[in-house]
Amino acid sequence: MRLKIRTKIILSFFAPIIPLTIIVVIVSGYILNNLYNEAQRLDTISKESVKVANLRLSLDKVLMPANDYIITGDRKYIEDFKAVSIDLERGLKEAVEILPHMEEIGFDDEVKEEMEILGDVKDAWQNIREISLKIFAISDPIGNKDAARLMEEMDYKWSYPAIERLKKWGEIDMEEYKNVLERHNMAWRQEGITMTASVISFLVICTIYILIYSRTAARNEEELRASEKKFRGLAEHLPDMVFINKKGRVVYANKKCEEIMKYKREEFYSPDFDFLSLIAPEYIEMIKIKFEKHMKGEYVEPYEYAIITKDGKRVEVISNTVLMDYEGEKAILGIITDITERKKAEEKLRQYVDELERFQKVAVKREFRIRELQERVKELEGRQGEGR
């Protein structure tokens with residue numbers, strides 16, 4: 001009779017576990033597929049942003065040889081113009097090649113606008129090239145009115161509008177990147193919530209199982225160990241780090257913790273081990289506050305911070321933590337996801353933005369130089385008038 005009761009309890013335990021596992025696998029597969037697709041979109045947008053930035057830089061550089069030729073009269077700048085022209089032509093070709101990839105990942109409307117911008121830039125480049133050749137055809141450009149007029153036309157009629165159009169392209173890319181990044185982050189949050197919910201559901205089922213068993217078999221110690229073993233078995237196969245912290249001590253860490261943090265479990269479980277030593281110094285106070293909120297029973301939203309591995313490597317993570325009962329006492333169950341690659345993508349975007357700002361500063365300086373040239377031309381004209 002006792003064996004029959006145990007069999008029923010075991011069956012009642014696995015009855016919800018099997019469909020729960022299937023649901024978790026299906027939902028996680030769907031979310032991971034979304035994560036992969038959004039990561040591909042982020043990579044494509046990043047590549048396009050770099051190509052647009054390089055195109056802006058090349059368009060900016062292509063004006064300088066003619067400008068320097070007018071100032072110095074040195075014909076070496078003709079060769080410089082040819083070299084920069086090759087870079088600009090290459091940039092236009094790369095921009096044309098990447099647009100079909102943007103269509104493939106679902107940016108049809110944006111691609112139409114970007115194709116219009118690219119067409120305007122091509123037209124501007126054709127006019128800039130023709131005007132530059134006219135300037136280089138002037139044998140004595142220093143103080144030449146025609147050369148100055150052509151330079152002004154090339155800059156204000158063709159170059160500046162083209163650069164503004166490329167700036168608009170960059171803004172489109174930035175908006176696309178932000179939208180995709182938001183969906184990417186949402187997918188990460190969904191994955192975290194799904195995994196947390198699955199672990200919590202598993203723990204709830206385990207708790208019900210233990211209560212039922214305790215009432216029917218006087219809380220048999222052997223069955224309790226079996227339940228804990230099942231929990232550990234599930235946690236061991238999760239793709240994220242899972243830990244349980246009780247009274248400031250790590251009482252459980254899954255295999256993923258060992259793989260990423262490079263500590264053995266015996267080191268985690270040691271009474272002398274300080275779990276705060278795993279936290280990057282600038283986040284220690286924040287972690288303490290989060291843990292205090294948990295112990296007060298307050299809800300704590302997922303939060304990002306950095307951890308330090310045993311070999312000194314810094315890993316950016318997002319943590320989902322909940323308060324639970326462990327061996328009759330309050331403890332914190334945490335699931336930690338490595339988001340280092342996402343952080344690198346954000347840093348890469350920031351560098352692109354900084355680079356665009358530097359390009360803008362270069363353009364401003366070049367405009368000042370043109371104005372100085374115009375003033376110099378006017379001064380020379382005035383002197384010629386006085387000489388007459």
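Everything numeric in this text was worked out from a predicted model, so none of it was measured.

## Brief notes about the nonpolar core
What tends to happen in soluble globular proteins is that the nonpolar side chains get buried as a cluster. Among the nonpolar cores identified, the biggest contains 46 residues, and L59, V62, I135, M154 and W169 are the most heavily contacted of them. Listing elements by their share of this core, those giving two or more residues are helix 1 (2-61), helix 2 (64-72), helix 3 (76-104), helix 4 (108-136) and helix 5 (145-217). It is helix 5 that provides the largest number of residues to this core, a total of 13 residues. If near-sequence neighbours (up to four positions away) are discounted, V62 is found in contact with F81, V84, S85, L88, W125 and I128. With 24 residues, the next largest nonpolar core counts M241, C257, L278 and I279 among its residues.

## A few points about the pairing of strand 1 (residues 241-246)
Burial of strand 1 is extensive: six of the six residues sit out of reach of the surface. Covered by surrounding structure in strand 1 are M241, F243 and N245 together with V242, I244 and K246, the residues of both alternating faces. Both strand 1 and strand 5 (residues 329-338) contribute to a ladder of five bridges, which runs antiparallel. Directly across from N245, in strand 5, lies its bridge partner I332. As paired strands, strand 1 and strand 2 (residues 249-253) are joined by four bridges and run antiparallel to one another. Its bridge partner being in strand 2, I244 is matched across the sheet by Y252. Once strand 1 ends, the chain turns through two residues before running back antiparallel as strand 2, passing K247 with a positive phi of about 55°.

## Focus on the packing of helix 3 against helix 4
At a minimum axis separation of 11 Å, helix 3 and helix 4 run at an interaxial angle of 165°. On the basis of their axis angle, the class for helix 3 and helix 4 is roughly antiparallel. In the packing of helix 3 onto helix 4, the handedness of the crossing is left-handed. Along the contact surface, helix 3 presents Y77, I78, F81, S85, L88, E89, L92, A95, V96, L99, M102 and E103, while helix 4 presents D108, V111, E114, M115, L118, V121, K122, W125, R129, S132, L133 and F136. Looking at the contact of helix 3 with helix 4 residue by residue, the classes come out as 16 nonpolar, two polar and six charged.

Rules and cut-offs
- Residues numbered from 1 in each chain as written.
- Predicted model: local features only at pLDDT ≥ 70, side-chain atom pairs only at ≥ 80, totals over all residues.
- Heavy atoms only, no water.
- Core = buried A, V, L, I, M, F, W, Y, C linked by side-chain atoms within 4.5 Å.
- Buried < 20%, exposed > 50% of the residue type's maximum accessible area, 1.4 Å probe, protein only.
- Helix = DSSP H or I, 4+ residues; strand = E, 2+ residues; numbered from the N terminus.
- Contact = heavy atoms within 4.5 Å.
- Pairing = 2+ DSSP bridges.
- Axes fitted to C-alpha atoms, helices over the stretch in contact; angles between N-to-C directions.
- Parallel < 35°, antiparallel > 145°, perpendicular 65-115°, else oblique.
- Left-handed = near helix turned anticlockwise from the far one by under 90°.
- Nonpolar A, V, L, I, M, F, W, Y, C, P; charged D, E, K, R; others polar.

On their own, these measurements won't tell you what the molecule is for.
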